[in-house]
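Read off the chains here:
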Amino acid sequence: MTAILEVRDLHTQFDTLDGVVRAVDGVSFELAHGETLGIVGESGCGKSVTALSILRLIPTETGRIASGSIRFEGEELTALSEEAMKRLRGHRISMIFQEPMTSLNPVLTVGTQIAENVVRHRGVPWRAARDRACEMLDLVRIADPRRRLDEYPHQLSGGMRQRVMIAMALSCDPRVLIADEPTTALDVTIQAQILDLMLELKEKTGTAIVLITHDLGVVAETTQRVVVMYAGRKVEEAPVEVLFEEPLHPYTRGLMRAIPRLDIEADLAGTRPRLQEIPGLVPILTRPIVGCAFAPRCGFATDRCRAEPPPIVDAGAGHTVACWEVERVRAAA
Amino acid sequence: MAILVDDLAPPRRFSLVTAIRRNPTIAFGGLLLAALIVMAILAPVIATNDPFKIAPVNRLRPPSERWWFGTDQFGRDVFSRTVYGARVSLIVGLSVAAFSCLLGLALGLACGYFRRIDGLVMRVMDGLMAIPSILLAIALITLTRPGLGIVIVAIVIPEVPRVVRVVRAVVLSIRSQPYIESAIAGGTRNTKLLIRHVLPNTLAPLIVQSTYVCASAMLIEAGLSFLGAGVPPEVPSWGNIIAQGRTFFQIAPWTILIPGTFLAITVLAVNLLGDGLRDRLDPRLARRL
Amino acid sequence: MSAAPVLEVENLVKHFPIHGGLLQRRVGEVRAVDGVSFAIAKGETLGLVGESGCGKSTIGKAALKLIEPTAGRILLGGEDVTHLKPGAMWPHRRRIQTIFQDPYSSMNPRLPAGTIVGEPLENFGITRGRATDDRVARLFERVGLRPDAVRKYAHEFSGGQRQRLGIAKALSVNPDLIVADEPVSALDVSVQAQVLNLLIDLQDELGLAYLFISHDLAVMRHISHRIAVMYLGRIVELADKRMLFTQPLHPYTEALLSAATAPDPKRRRRRKPIVQGDVPSPAKPPPGCHFHTRCPYAIAECRVTAPPLIEVAPGRHVACLRRPVGGDQGPLPIA
């Protein structure tokens, strides 16, 4: 099965007063048809910028895709005109964002916003577009969708607004949905409902999803394959069970050990064990990074790690790691 | 385990050349204003003739080598009078800006921070703002003898409400910031809170507003002098000069055009300075430059 | 040394008026906190957990007297401070300090870090000048920052470092209790671990008590001794950590636990989220038990009677009509 989305050696940069920030520094991955891929990392790792690069939403005055290839259904997106990209966005590739309140236009009704999208890409008459909007609201399990069509975003709760965003994103049957931290701003119980909804819709429509988040719990429960990013680079990629079973990159391991756990019984004895810390800070992206980006904070780092960028090592079962010391890390368990 | 703080970006070095290149408006407005101030201070040196000397035999001469900008109906050198006139305008502009900002700052802080007097004071300010400044100034001046001091006071009063509004808005927005709550929880009391936490954040918008007040004050002063309600007629003020040249505009336009142009340039310089400072000091806009 | 709890809250109520209409009259109120009681002992961490609108932040601010309670009592170290005016409240502030959620807006951008951290010392006259500088340098070291960073400004530190500054400032006057309002929610996971470890170390070393407010159950589980679960202004369950997580009694607690994600793919969507719908608005809470509209176990009476928070077993408090004193603590049958 060929991939529906292929990103090869993407480099995205921004100009700032302090120099050029290499936000995405050579990232490659593929998304198969109907697959849910998670891109996980902390703030500043480049995951959101990667998503914006795919849709060419990087502000042109200060940023650019410096090099790399992004192929969607075989078509090279970096070479398309802006007109062609506009036909693609919201139609064949859709995106939903973290903050539904600022992503929805506050002065238009919910129904108008969804219908507009349908009209623009499908060219159907307004009446038909509104019917489609109603259909979509029903699909995202909003009660009484006919009435909701005429409501404004501020009349809806956070969870409902996110459902509306999803409805709008799926209204033209996109092949790929990019979700950038879709549940981070929502309460826990609402987050559970939205994630559930997204998975259910994926079953129904067969849309491939790229889910971007910093939350390993969300990744574990909703994705099939995971890409871990650090300082603009991909450090590890694996099917989700494999990644959590045996994380091979020291950063991934560090992250998993730094999270307080709900499901592990260890600390209930009354003592409070220390969380594993990752010492140091994320590197500054305006300075060129020599060698491995994680080396300054890595307990396994050698001189080679500090001098040469690590190769992508295949650890089997679809698991790849960017590390010089894979064997040592594996042995350390 | 001490975290290394120098893992953060090194501070940017300050360079005058880059500063000027990045803020052309401030540089241009500032330099122009500085030049005008220097001109005013050095008036006795620059002026070619005695600005007060009346010589009817020389009246209404066009610009020539002896009288660079010609003469008015009393034979006085327009250039020298214009150069001296800068003094009046700049003194008025700068002192009105200074006083109205001091007063406005005090009132704005009080209104923004102590809600109880806010209502009353702001209604008074609204009332003052509803009256056109020139009329208010004229009314105040007619109550006493005309003079430079009175003119300054009379212009300060209608300018204060604008400053109060700006300061108050800043104070209101700061009051709800978490760091203010943090300071209160840490035991900081009202006076210290106002002076150390609130005041410094009001200075940037206050400085910007002061430039607009200065420009406005200079124009009002010129208007007052033009109407005869400003400084005494023998004192050279751009407004006076224009007023006196009014009757002879058709035969001796230089008596109006020259001081008028200087007034326009000065106001432009101050406004440019204000705009440039506002763009630079507004934290949201500054980062994009 | 008194055995009085460092912080005690009795039937705390806070309503925020809503103004509307032409004359801005009071048209309703947001019942942010609707009758909450708890006590925190020396050296203990009480976690307040709940979703948005539950009132947990409001309780934190009321305890600090940053907002005035509508009704109820607040006692610091046994002394009633409820009705104290700002002037009279001032000396009590030494005992209770705070750290905030947003490391970016909780520091004055125009002051050097050392000044910010040392301010409480100067405020209360504990030290002056050189003595303050020494104390501040030691505080910096204690929270893991280099002492020569005292001259730097807030924007020169990262988010995690700013939180450390906030902790240093709170520690400066040796308080009995620190109100920590979502102190790690805005931080990355790796930095979060550093700050949580620091907070626990400080507690063990100094005997500090924490009122730890968060929406994150996993963090709560790690750092608290006892946990109070809040929903729409009321505490619905209050228990020691172990009991709460192994045997939740209130349906809302159960819902929270089942909705929370964990980094374990095997847990994956085995469980359906058991609670549907949205959180009602605190301006119009449902009558009776606030949770009845979303509760799978609700019976007719839940719509009418607001259940009080009662101790159904030693150390276990629940506000649910279907959990009487001495009753069965197993799973509830669906009504």
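Residues numbered from 1 in each chain as written. Chains lettered and ligands numbered in written order. Predicted model: local features only at pLDDT ≥ 70, side-chain atom pairs only at ≥ 80, totals over all residues.

Bringing the overall build of chain B into the picture now. Along its length, chain B carries 12 helices and zero strands. For chain B, the N- to C-terminal ordering of α and β elements is α-α-α-α-α-α-α-α-α-α-α-α. Within chain B, the fraction of its 289 residues that count as buried is 39%. (Helix = DSSP H or I, 4+ residues; strand = E, 2+ residues; numbered from the N terminus. Buried ≥ 20, exposed ≤ 12 C-beta atoms within 10 Å, placed from the backbone.)

The helix and strand tally for chain C stands at nine helices and 12 strands. Against the globule reference of 20 Å for 335 residues, chain C gives a C-alpha radius of gyration of 21 Å, in line with a compact fold. Overall, chain C is about 70 × 55 × 50 Å in size when its C-alpha atoms are taken along their principal axes. Burial status across chain C gives 50% buried among its 335 residues. Sequence-distant contacts in chain C: of pairs separated by 6 or more residues, those separated by 24 or more amount to 64%. (Rg over C-alpha atoms; globule rule 2.2 N^0.38 Å. Contact = placed C-beta atoms within 7 Å.)

Next up on the list: the interface of chain A and chain C. A common way to express how large an interface is: the accessible area buried when the components associate. Listed per partner, the contact involves 41 residues of chain A and 37 residues of chain C. Mapped by element, the contributors of at least two residues to the side of chain A that touches chain C are α7 (158–170), α8 (188–205), α9 (216–222), α10 (240–245) and α11 (250–258) of chain A. Here the element with the most residues in the side of chain A that touches chain C is α8(A); it accounts for seven residues. Class assignment of the residues belonging to the side of chain A that touches chain C gives a composition of 20 nonpolar, nine polar and 12 charged. (Nonpolar A, V, L, I, M, F, W, Y, C, P; charged D, E, K, R; others polar.)

This part is about the sheet that holds strand β4 (residues 63–72) of chain A. Across a sheet, strands are paired by hydrogen bonds formed along the backbone, either parallel or antiparallel in direction. All names here are of chain A. Pairing is antiparallel across the open sheet formed by four strands, whose spatial order is β2-β1-β4-β5. Two strands close off the open sheet at either side, each with one partner strand: β2 (19–32) and β5 (75–76). Looking at chain direction, strand β1 (residues 3–16) and β4 are connected through eight bridges and run antiparallel. Bridge pairing links His 11 to Ser 67 in β4. (Pairing = 2+ DSSP bridges.)

Our next topic: the pairing of strand β6 (residues 96–99) of chain C. Two faces belong to every sheet, and in a regular strand the side chains alternate between them. Residues and elements named next belong to chain C. Where burial is concerned, the two faces of β6 agree: the one with Ile 96 and Thr 98 and the one with Gln 97 and Ile 99 are both buried. In this sheet, strand β7 (residues 177–181) lies alongside β6 in parallel orientation, the contact comprising four bridges. The residue of β7 that forms the bridge with Ile 99 is Ala 180.

Right, let's talk about helix α9 (residues 190–227) of chain B for a bit. The α-helix winds at 3.6 residues per turn, so residues separated by three or four positions along the chain end up facing the same way. If you check α9(B), its first and last C-alpha atoms are just 47 Å apart, much less than what 38 residues at 1.5 Å a residue would give, namely 56 Å. In the structure, α9(B) departs most strongly from a straight axis at B:Leu199, where the bend amounts to approximately 45 degrees and where the proline B:Pro200 lies between one and four residues downstream. (Expected span 1.5 Å × (residues − 1). Bend = angle between axes of the 7 residues up to and from the residue.)

Take the packing of α11(A) against helix α6 (residues 189–206) of chain C next. Interaxial distance between α11(A) and α6(C) falls to 9 Å at its minimum, and their mutual angle equals 45 degrees. As judged from the angle between their axes, α11(A) and α6(C) are oblique. Taken as a pair, α11(A) and α6(C) cross one another with a handedness that is left-handed. Residues A:Gly254, A:Leu255 and A:Ala258 of α11(A) pack against C:Val189, C:Ser190 and C:Ala193 of α6(C). Residue composition of the contact of α11(A) with α6(C), grouped by class: four nonpolar, two polar and no charged. (Axes fitted to C-alpha atoms, helices over the stretch in contact; angles between N-to-C directions. Parallel < 35°, antiparallel > 145°, perpendicular 65-115°, else oblique. Left-handed = near helix turned anticlockwise from the far one by under 90°.)

Residue and element names in this part refer to chain C. The strand order across the open sheet built from eight strands is β6-β7-β8-β3-β9-β10-β12-β11, with neighbouring strands paired in mixed fashion. Every interior strand has two partners, whereas the edge strands, β6 and β11 (310–313), have only one. Ignoring strand direction, the axes of neighbouring strands in this sheet form an average angle of 25 degrees. Each of β9 (226–231) and β10 (234–240) touches helix α9 (residues 251–259); the most contacted strand, β9, lies at about 100 degrees to it.

All names here are of chain A. By secondary structure assignment, the location of Leu 177 is in strand β7 (residues 176–180). In the structure, Leu 177 is positioned 31 residues away from Ala 208 in sequence and 6.2 Å away in space, judged by C-alpha atoms. Once residues within four sequence positions are removed from consideration, Leu 177 is found in contact with Ser 94, Ala 169, Leu 170, Thr 207 and Ile 209.

All names here are of chain C. The first and last C-alpha atoms of helix α5 (residues 159–171) sit 19 Å apart over 13 residues, in line with the 18 Å expected at 1.5 Å per residue. By the criterion of burial, α5 is predominantly enclosed, with 12 of the 13 residues buried. Each element contacted by the buried residues of α5 is listed here: β6, α3 (113–123), α4 (129–142), β7 and α6.

Ranked by size, the top nonpolar core spans 195 residues in total, and within it A:Val210, C:Ala63, C:Leu211 and C:Ile235 carry the most contacts. Considering each element in turn, this core owes the most residues, eight residues, to α7(A). Counting 63 residues, the second largest nonpolar core, distinct from the first, contains B:Val96, B:Val170, B:Val198 and B:Phe262. (Core = buried A, V, L, I, M, F, W, Y, C linked by C-beta atoms within 7 Å.)

All right, on to the confidence of the model for chain C then. Put simply, chain C has an average pLDDT of 89, and 96% of its residues get 70 or more. ipTM for the predicted complex: 0.87, alongside a pTM of 0.84. (pLDDT = per-residue confidence, 0-100.)

Residues and elements named next belong to chain C. Note that Ala 209 resides in strand β8 (residues 209–214). Overall, Ala 209 belongs to the buried group, with 23 C-beta atoms counted inside 10 Å. Ignoring anything within four residues of it in the chain, the contact list for Ala 209 reads Val 6, Ile 40, Ala 41, Lys 42, Gly 43, Glu 44, Thr 45, Asp 176 and Leu 177.

Let's shift gears to the confidence of the model for chain B. All names here are of chain B. Residue-level pLDDT values for chain B average 83, and 92% of them are 70 or greater. Confidence drops under a pLDDT of 50 for residues 1–9, and excluding neighbours within four residues, the segment shows 18 contacts in the predicted structure. For residues 285–289, every residue scores under 50 in pLDDT, and the model assigns this stretch four contacts once sequence neighbours within four places are set aside.

Among all residues except glycine, the phi angle is most often negative; among peptide bonds, the trans geometry is most common. Residues and elements named next belong to chain C. Of note in the backbone geometry, Asn 11 takes a positive phi value of approximately 50 degrees without being a glycine. Positive phi is not limited to glycine here, since Asn 174 has a value of about 50 degrees. Mapped onto the elements of the fold, Asn 174 is located in the loop between α5 and β7.

Turning to the packing of α9(B) against helix α10 (residues 238–245) of chain B, a few remarks are in order. Packed helix pairs are characterised by how far apart their axes lie and by the angle those axes make with each other. Residues and elements named next belong to chain B. It is the contact of α9 with α10, at a shortest axis distance of 7 Å, that shows an interaxial angle of 40 degrees. Between α9 and α10 lies a crossing of right-handed hand. Taken together, the residues of α10 that come into contact with α9 (itself represented by Glu 221, Ala 222, Gly 223, Leu 224, Ser 225 and Phe 226) are Trp 238, Gly 239, Asn 240, Ile 242 and Ala 243. Across the contact of α9 with α10, the residue classes break down as six nonpolar, four polar and one charged.

Okay, the pairing of β11(C) next. Residues and elements named next belong to chain C. When β11 meets strand β12 (residues 316–318), the two strands line up antiparallel, connected through three bridges. Pairing of Glu 311 across the sheet is with His 317, part of β12. Here β11 hands over to β12 after two residues, with Gly 315 in that stretch at a positive phi of 80 degrees.

All names here are of chain A. The topology assignment puts Ile 194 in helix α8. Judged by the 22 C-beta atoms lying within 10 Å of it, Ile 194 falls in the buried class. Other than its neighbours up to four places away in sequence, Ile 194 contacts Gly 159, Gln 162, Pro 182, Thr 183 and Leu 186.

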